[in-house]
Amino acid sequence: GFGEGIDDAVEAYFDHFKIDATGIELPLERFDHPITLRNFCTVTNPTREHQVRLVGRAPSLNAMFGEYLNSVAARIEALTQSRIRAADVSSALEALGVEMWESNSREISESRVKEIFRDTNRLWDDTILNALQEEGVLIRQTSDDAGDANTGPADGRGDLVVAVVYDLLAGYIIASAMAATAGGA
C-alpha cells in the first residue's frame, strides 16, 4: 500500500483524473492499495476530459467494484466490436465467482476458465479470458508462480492458472456471484 504517502498518492491520482474532493470526508484507508485508488478514479472520471466534483461521500467498495466491472464489460464490447457482449463478460465473471467459491481457491486452471467462459472454440483474440486479462482484471500465470504446488505437472513447469489480480476484487466477484445465484444453488 501507500502507507505514510497515502495523502500524496490520493492527491496525485485525483489531480490526474481531474477529481475535486473539496469538502468531502474521504475514507483514506480505503485508498491505501493502488488498485483500489485507480479503480475509484477510473469509475469516477473515466474520460478525464472535464473536472468532476465529488458530492456527498465516496461510494462503497461494492458500488465502486460493480461500476468498475460494468465499465470493463462495456469497454470489452466496444473494443471487440460486439464479438464479445458485455452481458457475456458479466456472466463469465459470475461463473468464475461461483467456481472460485465452490473450489475454495483463488486460482482456477486456465482450461477450466476457458470452459466456464465458453471460450474453448474461440480464437485467443476473441476470448473473454484474453479480454479480461487485457483489461487488467485477470492474470494468467503458472501454478508454480501462483503458489499452488498441487497443480504443477511432474516436469515442474506448472500448468497455467487464472486469478483475479486483486483479492478485494476477487472477493467482490465471489460475493456477487453467490448473491446472484442464491449461494451457488
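Because the structure is a prediction, the values reported are computed rather than measured.

Visitor: Is there a simple way to think about the overall build of the protein in this case?
Guide: In terms of regular secondary structure, the protein is built from 8 helices and 5 strands. In sequence order, the protein lays out its α and β elements as α-β-α-β-α-α-β-α-α-β-α-β-α. Reported as C-alpha extents along the three principal axes, the dimensions of the protein are approximately 55 × 40 × 30 Å. Across the 185 residues in the protein, those meeting the buried criterion constitute 40%. Pairs at least 24 apart in sequence give 61% of the contacts found in the protein among residues at least 6 apart. Here the protein carries 16 positive and 30 negative side-chain charges, and the mean point of each set is 6 Å from the other.

Visitor: Would you explain the side chain of Thr 181 in this entry?
Guide: Along the chain, Thr 181 falls in the segment after helix H8 (167-180). When its relative accessible area of 18% is taken as the criterion, Thr 181 is described as buried. Engagement of the side chain of Thr 181 in a polar contact is seen with the backbone oxygen of Ala 177, the distance being 2.7 Å.

Visitor: What is the right way to read the nonpolar core from this model?
Guide: Side chains of nonpolar character tend, in soluble globular proteins, to be buried together. With 49 residues, the main nonpolar core has Phe 14, Leu 96, Phe 117, Leu 132, Val 137, Leu 138 and Leu 169 as its most contacted residues. Broken down by secondary-structure element, the contributors of at least two residues to this core are helix H1 (6-16), helix H2 (34-44), helix H3 (61-79), helix H4 (86-103), helix H5 (110-116), helix H6 (128-134), strand E5 (160-164) and H8.

Visitor: Looking at this model, I keep getting lost on the pattern of salt bridges. Mind explaining?
Guide: Here the idea is simple: oppositely charged side chains can pair when their charged atoms come close. Scanning the model with the defined rule gives 9 salt bridges in all. One salt bridge connects Arg 112 with Glu 99, and the closest N-O pair in it is separated by 3.0 Å. With Arg 112 in helix H5 and Glu 99 in helix H4, this residue pair connects regions lying 13 residues apart in the sequence. Classification of Arg 112 by relative accessible area gives partly exposed; the value is 26%. Overlapping salt bridges bring together Glu 99, Arg 112 and Glu 115 as one network.

Visitor: So what exactly am I meant to see when it comes to the pairing of E5 here?
Guide: In the case of a regular strand, side chains alternate between the two sheet surfaces. Of all 5 residues making up E5, 4 are buried, and the element is well covered by its neighbours. When strand E3 (residues 107-109) meets E5, the two strands line up antiparallel, connected through 3 bridges. Across the sheet, the residue bridging to Ile 108 is Val 162, located in E5. Bridge count for strand E4 (residues 138-142) against E5 is 5 bridges, and the pairing is antiparallel. Residue pairing for E5: Leu 138 is matched across the bridge by Val 164.

The rules behind these values
- Residues numbered from 1 in each chain as written.
- Predicted model: local features only at pLDDT ≥ 70, side-chain atom pairs only at ≥ 80, totals over all residues.
- Heavy atoms only, no water.
- Helix = DSSP H or I, 4+ residues; strand = E, 2+ residues; numbered from the N terminus.
- Buried < 20%, exposed > 50% of the residue type's maximum accessible area, 1.4 Å probe, protein only.
- Contact = heavy atoms within 4.5 Å.
- Lys, Arg positive; Asp, Glu negative; His and termini not counted.
- Charge placed at Lys NZ, Arg CZ, Asp CG, Glu CD.
- Polar contact = N/O pair within 3.5 Å; in protein donor to acceptor, adjacent residues only side chain to side chain.
- Core = buried A, V, L, I, M, F, W, Y, C linked by side-chain atoms within 4.5 Å.
- Salt bridge = Lys/Arg side-chain N within 4 Å of Asp/Glu carboxyl O.
- Pairing = 2+ DSSP bridges.

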